[in-house]
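As a plain string of letters, each chain reads:
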Amino acid sequence: LVAVFLSTSDELLPVFVSKGVGAALVFKIALVKFAGAIAAGFAVDAAVKLSGRRRRAVSVGELCEHSHCGCVSRKGIFIPALVHTLEIFVFIALVSAAVEVVMHFWGEEAMDSLCLNKPVAGEFIAGALGLVPNCAVSVAGAELYCKGAMSFGALMASAFTGSGLGLLVLFRTNRNLKENVFILAVVYFAGVSLGLLSRFAA
């Protein structure tokens, strides 16, 4: 799961392609994300096995019970699947709308003042920005990198933690808040660490 979150990209690569930055940079970003995500996934698996912690078995009935969709009593999958899909859609739409309003008033100019081209601090700040579930952050990051206001390490930290709507869906469907926060923290610190290492690939 962590590997999927770290390897996911929003609008970053398409924006770079549209700006004509060159195939070399796009390929390098994709390769770094791919390799970093796989390495982090193996590291997380190894850490979990060493800790002796087992994944809690989750029943689909838990999600159904919370949604009151009556999956157990109904015959067929169409109506229950539609109920769950609509719930997640509404949840994502509301959160995305709120983020869009904040980004509209905050915008790229404010991101430009966050010292995203400074070593270490830039990666930590950019990693936090990447957690925002909105493609506007990826677009602004690409713009700032092209202007020289964002280092490659900070760009990659933001790209690693920018898992699209994946974390939103996780928090919406998994009722174990402690587990969700733990996964969020792992994604953030792994993204920042990989962003710092990406400086050597710049």
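It should be emphasised that the depicted structure is a prediction, and the values quoted were computed from it without experimental measurement. Numbering of residues starts from 1 in each chain and follows the order in which that chain's sequence is written. The predicted origin of the model limits local features to residues at a pLDDT of at least 70 and limits the giving and counting of side-chain atom pairs to 80 or more, whereas totals for whole chains, interfaces and linings rest on all residues. Processing note: side-chain calculations cover all non-hydrogen atoms of the structure and skip hydrogens and water entirely.

1. What about the environment of Leu-144?
So, step 1. Strands here are runs of E lasting at least two residues and helices are runs of H or I lasting at least four, both read from the DSSP assignment and numbered beginning at the N terminus. With respect to the element layout, Leu-144 can be found in helix H7 (residues 135-147).
So, step 2. Considered as a pair, Leu-144 and Asn-117 are 27 residues apart in the sequence and their alpha carbons are 9.5 Å apart.

2. Overview of the packing of helix H6 (residues 121-130) against helix H10 (residues 177-198)
So, step 1. Where H6 meets H10, the closest approach of the two axes is 9 Å, and the angle between their N-to-C directions is 135 degrees. In terms of their interaxial angle, H6 and H10 are classed as oblique. Here H6 and H10 pass one another in a crossing that is right-handed. Two secondary-structure elements touch here, H6 through Glu-123, Phe-124, Gly-127 and Ala-128 and H10 through Tyr-188, Phe-189, Val-192, Gly-195 and Leu-196.
So, step 2. Across the contact of H6 with H10, the residue classes tally to 6 nonpolar, 2 polar and 1 charged. Between N-to-C directions, angles cover 0 to 180 degrees, with each direction set by a line fitted to C-alpha atoms, over the stretch in contact for helices. Roughly parallel means an angle under 35 degrees; roughly antiparallel means over 145; roughly perpendicular covers 65 to 115; every other angle is labelled oblique. Note on convention: the crossing is left-handed when the near helix lies turned anticlockwise from the far helix by less than a right angle, right-handed when the turn is clockwise. The contact criterion used throughout is that any non-hydrogen atoms of two residues lie within 4.5 Å. When residues are sorted by character, Ala, Val, Leu, Ile, Met, Phe, Trp, Tyr, Cys and Pro go into the nonpolar class, Asp, Glu, Lys and Arg into the charged class, and all the rest, Gly among them, into the polar class.

3. Brief notes about the side chain of Ser-158
So, step 1. With respect to the secondary-structure elements, Ser-158 resides in helix H8 (residues 152-161).
So, step 2. Its relative accessible area of 10% is what places Ser-158 among the buried residues.
So, step 3. Excluding residues that lie within four positions of it along the chain, Ser-158 makes contacts with Ala-126, Gly-127, Gly-130, Val-137 and Met-150. Exposure classes here rest on a 1.4 Å probe applied to the protein chains alone. A residue is buried below 20% of its type maximum, exposed above 50%, and partly exposed in between.

4. A short note on the pattern of salt bridges
So, step 1. Any carboxyl oxygen of Asp or Glu within 4 Å of a side-chain nitrogen of Lys or Arg constitutes a salt bridge here. The full count for this structure, using the stated rule, is 2 salt bridges.
So, step 2. As a salt-bridge pair, Glu-143 and Lys-19 come within 3.1 Å of each other at their nearest N and O atoms. Placement of Glu-143 in helix H7 and of Lys-19 in the loop between helix H2 (12-18) and helix H3 (23-51) is noted, with a sequence separation of 124 residues between them.
So, step 3. A salt bridge links Glu-123 to Arg-199; the nearest nitrogen and oxygen atoms lie 2.7 Å apart. Residue Glu-123 is located in helix H6, and its partner Arg-199 is located in the segment after H10; the two are separated by 76 residues in the primary sequence.
So, step 4. Given a relative accessible area of 32%, Arg-199 falls into the partly exposed group.

5. Digging into the side chain of Ser-151
So, step 1. Mapped onto the fold, Ser-151 is located in the loop between H7 and H8.
So, step 2. Contacts of Ser-151, omitting those with residues within four sequence positions, involve Leu-116, Asn-117, Glu-123, Tyr-145 and Arg-199.

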